[in-house]
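Listed here are the chains, written in short residue letters.
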Amino acid sequence: MYSIGILTVSDKGSRGEREDKTGPAVQEVLEKEGYVVKQYCVVPDEIQIIKEKLIYMSDELKLNVILTNGGTGFSIRDVTPEATKEVIQREVPGFGEAMRMKSLEITPHAMLSRAIAGIRNKSLIINLPGSPKGAVENLQTILPALEHGIEILIGKANECAKRGSA
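What counts, and where the lines are drawn
- Residues numbered from 1 in each chain as written.
- Predicted model: local features only at pLDDT ≥ 70, side-chain atom pairs only at ≥ 80, totals over all residues.
- Heavy atoms only, no water.
- Helix = DSSP H or I, 4+ residues; strand = E, 2+ residues; numbered from the N terminus.
- Contact = heavy atoms within 4.5 Å.
- Salt bridge = Lys/Arg side-chain N within 4 Å of Asp/Glu carboxyl O.
- Patch = residues over 30% accessible without salt bridge, like charges linked within 9 Å, V, L, I, M, F, W, Y side chains within 5 Å.
- Areas by Shrake-Rupley, 256 points an atom, 1.4 Å probe, with all protein chains shown as cover.

1. Re the side chain of S3
So, point 1. Assignment of secondary structure puts S3 in strand β1 (residues 3-9).
So, point 2. Not counting chain neighbours up to four residues away, the residues in contact with S3 comprise V36, K38, K62, L63, N64 and V65.

Here it is in structure tokens:
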């Protein structure tokens with residue numbers, strides 16, 4: 001199966017002042033779907049640190065998907081989308097659009113999300129909300145398209161298409 005990294009962005013979590021419940025909730029959903037979480041980290045809401053960890057997970061660990069959680073709101077410390085924008089090479093707006101649309105069925109606050117998604121090399125980076133409930137709901141929204149997106153990104157879908165046409 002495909003490799004996943006989970007990056008929780010939380011000042012309090014990184015200082016040990018708050019237990020991260022979102023990262024483990026996301027991991028549980030992924031593992032039930034057969035994905036393998038290879039890296040899990042908690043970092044503060046600092047653009048440079050977030051960027052460094054995203055680059056490491058993509059370029060060094062070569063993870064297929066990197067899911068961030070936290071830092072996507074309106075707070076002055078919420079900088080996850082900005083850090084993500086600085087490291088991705090191509091945007092994938094459909095994930096953020098789908099998550100916001102589905103979340104709007106639950107709460108009008110969904111329109112306050114600034115979550116984005118994009119591609120760096122062969123890694124898909126997706127921002128999820130910081131709350132366990134919101135992160136899991138958003139993850140469940142994108143799961144039906146995730147595997148196919150990964151296959152296209154890594155070239156596996158093209159290989160299947162070539163074999164099917166022979």
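Structure shown, so let's carry the discussion forward.
2. Observations concerning the pattern of salt bridges
So, point 1. Inspection of the entire model under this criterion finds nine salt bridges.
So, point 2. With a closest N to O distance of 3.3 Å, K102 and E105 form a salt bridge.
So, point 3. The network of salt bridges with shared partners includes D11, E46 and R77.

3. Side note on a nonpolar patch on the surface
So, point 1. On the surface, F74, L104, M111 and L112 cluster together into a nonpolar patch covering about 430 Å² of accessible area.
So, point 2. In this fold, F74 is placed in the loop between β3 (65-69) and α4 (80-87).

Bear in mind that shape data such as this cannot, by itself, settle questions of function.
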